[in-house]
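Residue-level structural notes
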Amino acid sequence: MADEASAAAAAPAKEEKDSKKRARDEADEADDEMPEMPEKWAKKDIGRAMLWYYRDKQGKRQGPFYPGQMRHWWTAGFFQPTQLVAPSFRGEVPRAFVRVDQFFTDAPAREAA
């Protein structure tokens, strides 16, 4: 009888542990997903972007920022490779965002150290 009680008490803890593991796995898969670069960006010289935007952790658009500022944040390690960013070529507010490592391919300073 005591064995049944301890098994019943262990079941919710195991379910919770399994649930947390599934949530971590799903989050890892989401991080691995890479939004496709819009065709219009692929045809342009990204170095000619006038401004840049990024999505914060809550999914809100932040910006505009100057290209040098965004590059500095990337090389200083403020952005993870999965950080979503978007260029603006003529002052337009972008709708699509892609991972920063699709634009800035040099390793952040923290990885080089």
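Read on for an overview of the structure. (Residues numbered from 1 in each chain as written. Predicted model: local features only at pLDDT ≥ 70, side-chain atom pairs only at ≥ 80, totals over all residues. Heavy atoms only, no water.)

**Section: the overall build of the protein**
Across its full length, the protein holds four helices and four strands. Helices and strands appear in the protein in the N-to-C order α-α-β-β-α-β-β-α. Out of the 113 residues belonging to the protein, those deemed buried represent 25%. Considering only residue pairs separated by 6 or more positions, the protein has 61% of its internal contacts joining residues 24 or more positions apart. (Helix = DSSP H or I, 4+ residues; strand = E, 2+ residues; numbered from the N terminus. Buried < 20%, exposed > 50% of the residue type's maximum accessible area, 1.4 Å probe, protein only. Contact = heavy atoms within 4.5 Å.)

**What to know about the sheet that holds strand β1 (residues 51-55)**
The strand order across the open sheet formed by four strands is β2-β1-β3-β4, and the pairing between neighbours is antiparallel. Edge strands, defined here as strands with exactly one partner in the open sheet, are β2 (61-65) and β4 (98-99). The pairing of strand β3 (residues 84-88) with β4 spans two bridges and is classified as antiparallel. Each bridged residue has a counterpart across the sheet, and for Val85 the counterpart in β4 is Val98. (Pairing = 2+ DSSP bridges.)

**Focus on the environment of Gly63**
For Gly63, the position within the fold is in strand β2. Expressed as a C-alpha distance, the spacing of Gly63 and Val93, which sit 30 residues apart in the sequence, is 9.1 Å. The contact partners of Gly63, leaving out residues within four places of it in the chain, are Trp52 and Tyr53.

**Brief notes about the packing of aromatic side chains**
The relative placement of two aromatic rings is captured by the distance of their centres and the angle of their planes. Scanning all chains against the criterion turns up seven aromatic pairs. Centre to centre, the rings of Tyr54 and Phe65 are 5.7 Å apart; their planes meet at 25°, and the pair counts as stacked. Separated by eleven residues along the polypeptide, Tyr54 in strand β1 and Phe65 in strand β2 bring together distant segments of the chain. In this structure Tyr54 comes out as buried when scored by relative accessible area, which is 18%. Its relative accessible area of 17% is what places Phe65 among the buried residues. Here the aromatic rings of Phe65 and Trp73 are separated by 4.9 Å at their centres, their planes lie at 70°, and the arrangement is edge-to-face. Judged on exposure class, the residue Phe65 and its partner Trp73 are both buried. (Phe/Tyr/Trp six-rings, centres within 6.5 Å; stacked < 30°, edge-to-face > 60°.)

**Notes on the nonpolar core**
Counting 18 residues, the largest nonpolar core has Trp52, Tyr54, Met70, Phe79, Val85, Phe103 and Phe104 as the members making the most contacts within it. Secondary-structure elements contributing two or more residues to this core are β1, α3 (67-75) and β3. Once you skip the residues sitting within four places of it in the chain, Tyr54 turns out to touch Lys60, Arg61, Gln62, Phe65, Met70, Trp73, Phe79, Gln83, Leu84, Val85 and Phe97. (Core = buried A, V, L, I, M, F, W, Y, C linked by side-chain atoms within 4.5 Å.)

**Structural notes on the environment of Pro94**
As for its position among the elements, Pro94 is in the loop between β3 and β4. Looking at Pro94, the relative accessible area reads 6%, which means it is buried. Sequence separation of Pro94 and Arg61 is 33 residues, and the distance between their C-alpha atoms is 9.2 Å. Dropping the residues within four chain positions of it, Pro94 is found in contact with Trp41, Tyr53, Arg61, Ala86 and Pro87.

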